[in-house]
Structures are given as C-alpha cells and as structure tokens.
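Secondary and tertiary structure notes
Take a look at the letters that make up each chain.
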Amino acid sequence: MKRKAFLLTLVLPLLCTACIEPPLHLPGQEILTEMPAVETELSVVWDVDVDWQAGWYYGWDAQDEQIWGSMGYPVPTSFQVRRYYTGEDPKAPHTSVDAFSIQGTRFRRYFSFGWFDMLFWSDIDSPDGTQVLLMQESPEVVMATTTGTKGLSRFALGGGDGVIGLRNQPEIFYATYLEDVFISRNLDDYEYDPVENVYIKHLETKLRPLVYIYLVQIILVNNDGRVKGVDGNTALSSMAAGVNVNTGVTTDSPSLVYFNTRLKKGMVADGKPCDIIGGKFTTFGLCGMEPYTRAGSLYDGPRASLTNQLYFDLLFSNDAVKTFTVDVTAQCQSQAHGGVITVWIDCSGLEIPPVDDKESSSLFLPTLEDYENVYWEIEM
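Treat the numbers as computed from the prediction; the structure is a model and nothing was measured.

This brings us to the nonpolar core. Phe173, Ile218, Leu236, Val245, Leu310 and Leu314 are the most contacted members of the largest nonpolar core, which totals 66 residues. Per-element accounting of this core gives the leading share, nine residues, to strand β15 (residues 212-221). Residues in contact with leucine 310, not counting those within four places in the same chain, are Val216, Ile218, Thr234, Ala235, Leu236, Phe259, Phe324, Thr325, Val326, Val328 and Val343. By size, the runner-up hydrophobic cluster in this structure holds 17 residues, among which are Phe111, Phe113, Val181 and Leu187.

Spelled out as structure tokens, the structure:
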C-alpha cells in the first residue's frame, strides 16, 4: 500500500506593458500585468510503503484478481478541480466556485489576484458505469458516500432493529485541499525562470487516499470435513458511511460493509495445515477518523467505543449454512487506515448444525436489487 503526494507548480508569465527586464523592478512595485495564467503540475510522490505480505497467508491468485482486482492502490490519471475565489479575504465564504476536470497531471488556468482555496479529487475509472461513489457538493464542503447495497438478515445480525446504513464499498480515490493560496502582484513572491522568462510560484501538498483497503482471512485449522465451503457472504460492522473530502475526516454515522469471500483448501498458515477463507474490501475507515499521517494509523477517535463485528457464513458438510460473528475491533483500530484482518477458527470445536435448525441461517437476505447468490463449492 502506498501513499501519494501532490507537488503543485504555479507558473505566472509576465505580461508587461513596457519593455523592462525583470531584475530591474523596484521593491514594492506592483506587476503591471493582465490576469496571470497559472500552470499547475501534479507530481505523484510515493512516500509510504506497507508490506501486504506480512502475516498474509491467503495469497492472491489469478481468480482473486479477477473477482476483486489488484491488491494495491491505483495511480490516478484524471481529476476534478474546485477553485474557490475569496478575493481579498482568505477566510471569506465560498461564493465563487470554478468547477472543471483535467486529464493528466498538468493544466493551465487564469487566476485573478487575491486569495483562493483549491480542492482536487481523483476521478473513478469505471468503464462499465457501475460507480457507487457519490459526491455531494456544497460551496464549503464536499462529502463522499456510496449507494445502498443488498439486504442482510436481521436475525443473523442479532435481530432487533436490524442493520442501519448498509452501503456498497467505495472505489479508491484520493484528494487534496489547498487553503489560502495567494496570487500576489509583487514579483518578490515568485521565482524567476530566465529560460522561460516567467515567474514561478511553488506550492506543495499531499494527495491522501480517502478509501482504504482491508484484506480479510479466516483460517480454519483441524477442518476434517465439517466445513466444505462458503457462500461468500461476509460483512463488517461500524465502518464510516462517508468522508469529508476537504478534511479527510470520516463521518460519525456507522454502516455495515458487505463483501464477498472464497475458500482455498490445503493451505499453510504459521506452519499449520489449514483451509483459508479470504477476501478484500474497501472502506472510508472508522467513524470520526482523521486522515492518514506518517505518525501512524492507531485509532482513538470519538467513536472508538463502537465495536467492529465480522460476520461470515460457513457451509457445512450437510449443506447447512450458519452465520458466525467475531469481534475484530482491536485489529481495525490498530490498522485504522487499512491492513490485514485475521481470524483463527479451530473447526474441531464446531458442531455441524442440522439443516432444518431455525437458529442456522445465511447472512444473505435477498431483495429485488440483489445480485445472484454465488456459492464457492470446495471438493473435500
């Protein structure tokens, strides 16, 4: 997993009304120009690496990649830009918004003199048009959420009022927000390039991922035929339902993230023969979570009291399906910005439920909008 940073270079060509060499300007003299053209260059900088392989036993074969895609973070190639002009007051409300998109990492735009805030976020590459990430814009803030997803059984998740905020996994995207960008009339605020005969203003800001990747593995030891497969239905509770794109802080509203898994037999984990259920999901993170920093990803935010429950179905040798629940709060909070979640299950202690047992039911509850329920059958 890698984090990225933006390097923004603002290039202002000098458009003088008289033929004056740039070094001859008087101190404090205003530049006699028309509205300057500002060239912005976005350079991707890799600054943090995380080794996915540490403690990851499930692997990632061609079928996994076909189902879930690559394990890593994609490199953005196109962006949405929101430019807010606040005039002479850097803290003025956003009343003037210039919205446009760019391809690649370089563009040129005219800027008025004065103060600006600028928001960038990467576009989602969704050739089939199935993007679930939703951007809700207002002049002061952009919030990211996702569309709703398939239903899950209230009984399997503890009954009562059932599940709230059930949403699809967000696609990976990145954002950066620049505040108090000042376009000055004073030449002293710029660096002169004698080759291009332009004055350059340099700004630097980090491009943050606002969606994080988790890999989940459920390791079945001593599985002597009790568990023959999985139906793929898995979910994790108490993840944030959205994120503030400007600040990178997640919302306080908890949601349940549904994702698929598959089972591989004849594996080895920590030197033990086993079968492993594995999968991948993306999320905005934990509720009330700050964005990633180099200081680490340990979470102690205002919603740290929420518990993260991992729900998953097991398909037994008699074709009975039962939902299991494991508390993975500590693992989520210690890897708040993505990582590997591992659950160990000793199958010798599992009782095979009868097929007609009313307490045995699948996590999956079909609705009209659901996809087909697919079983990953494993020959034992």
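For the coordinates displayed, the defined rule picks out 11 aromatic pairs. Relative to tryptophan 344, the ring of tyrosine 57 lies with its centre 6.4 Å away and its plane at 65°, an arrangement referred to as edge-to-face. One end of the pair, tyrosine 57, is in the loop between β3 (45-49) and α1 (62-68); the other, tryptophan 344, is in strand β24 (residues 339-346), with 287 residues separating them in the sequence. Centre to centre, the rings of tryptophan 115 and phenylalanine 182 are 4.6 Å apart; their planes meet at 35°, and the pair counts as tilted. Residue tryptophan 115 is located in strand β7 (residues 114-122), and its partner phenylalanine 182 is located in strand β11 (residues 174-183); the two are separated by 67 residues in the primary sequence. For tryptophan 115, a relative accessible area of 21% gives the class partly exposed. You can call phenylalanine 182 partly exposed: its relative accessible area is 30%. Of the aromatic side chains, those joined through ring pairs into one cluster are Trp56, Tyr58, Trp60 and Trp68.

Moving on, we come to the confidence of the model for the chain. With 71% of its residues at a pLDDT of at least 70, the chain reaches an overall mean of 76. Confidence, expressed as mean pLDDT per element, reaches its minimum in the chain at strand β25 (residues 376-377) with 37 and its maximum at strand β18 (residues 243-244) with 96. Low pLDDT, under 50, characterises residues 45-49; the stretch is placed with 18 contacts to residues that sit more than four places away or in other chains. Note that pLDDT drops below 50 for residues 159-164; the model gives that stretch nine contacts with residues more than four away or on any other chain.

A few words now on the pairing of strand β21 (residues 272-283). Counting buried residues along β21, 10 of its 12 residues qualify, which places the element largely inside the surrounding structure. Across nine bridges, the pairing between β15 and β21 is antiparallel. Paired with glutamine 217 across the bridge in β21 is glycine 278. Looking at chain direction, strand β20 (residues 262-269) and β21 are connected through six bridges and run antiparallel.

What follows covers the sheet that holds strand β9 (residues 142-146). Strand order in the open sheet made by the three strands is β8-β9-β18, with antiparallel pairing throughout. What marks the edges here is a single partner per strand, and that holds for β8 (133-137) and β18. Strand direction decides the pairing type here: β9 and β18, joined by two bridges, are antiparallel. Residue alanine 144 lies in a different strand from β18, and its bridge partner there is valine 243.

In this section: the pattern of salt bridges. Side chains that differ in charge, positive against negative, can pair when their charged atoms come close. Overall, the coordinates contain 10 salt bridges when judged by the stated rule. The salt bridge partner of aspartate 61 is arginine 262, with a shortest N-O separation of 3.2 Å. Here aspartate 61, found in the loop between β3 and α1, pairs with arginine 262, found in strand β20; they are 201 residues apart in sequence, far enough to count as distant. Linking lysine 91 and aspartate 180 is a salt bridge whose minimum nitrogen-to-oxygen distance equals 3.0 Å. Taken together, the residues lysine 91 in the loop between β4 (78-87) and β5 (96-103) and aspartate 180 in strand β11 connect sequence positions 89 residues apart. In this structure lysine 91 comes out as exposed when scored by relative accessible area, which is 62%. Residues joined by salt bridges that share partners form a network here, namely Asp61, Asp64, Arg262 and Lys264.

As a further point, take the environment of alanine 144. Mapped onto the elements, alanine 144 comes out in strand β9. Aside from chain neighbours lying at most four places away, what touches alanine 144 is Leu133, Leu134, Met135, Phe173, Ala241, Gly242, Val243, Val245 and Phe284.

Examined against the element boundaries, isoleucine 200 turns out to sit in strand β13 (residues 198-205). Relative accessible area serves as the criterion here: at 13%, isoleucine 200 is assigned to the buried category. Note: C-alpha distance between isoleucine 200 and leucine 187 (13 residues apart in sequence) is 9.7 Å.

By the bridge criterion, five bridges tie β8 to β9 in an arrangement that is antiparallel. What sits directly across from glutamine 136, in β9, is methionine 143. In textbook terms, the turn of a hairpin is the stretch between consecutive antiparallel strands, and for β8 and β9 this stretch comprises four residues.

Calculation rules
- Residues numbered from 1 in each chain as written.
- Predicted model: local features only at pLDDT ≥ 70, side-chain atom pairs only at ≥ 80, totals over all residues.
- Heavy atoms only, no water.
- Core = buried A, V, L, I, M, F, W, Y, C linked by side-chain atoms within 4.5 Å.
- Buried < 20%, exposed > 50% of the residue type's maximum accessible area, 1.4 Å probe, protein only.
- Helix = DSSP H or I, 4+ residues; strand = E, 2+ residues; numbered from the N terminus.
- Contact = heavy atoms within 4.5 Å.
- Phe/Tyr/Trp six-rings, centres within 6.5 Å; stacked < 30°, edge-to-face > 60°.
- pLDDT = per-residue confidence, 0-100.
- Pairing = 2+ DSSP bridges.
- Salt bridge = Lys/Arg side-chain N within 4 Å of Asp/Glu carboxyl O.

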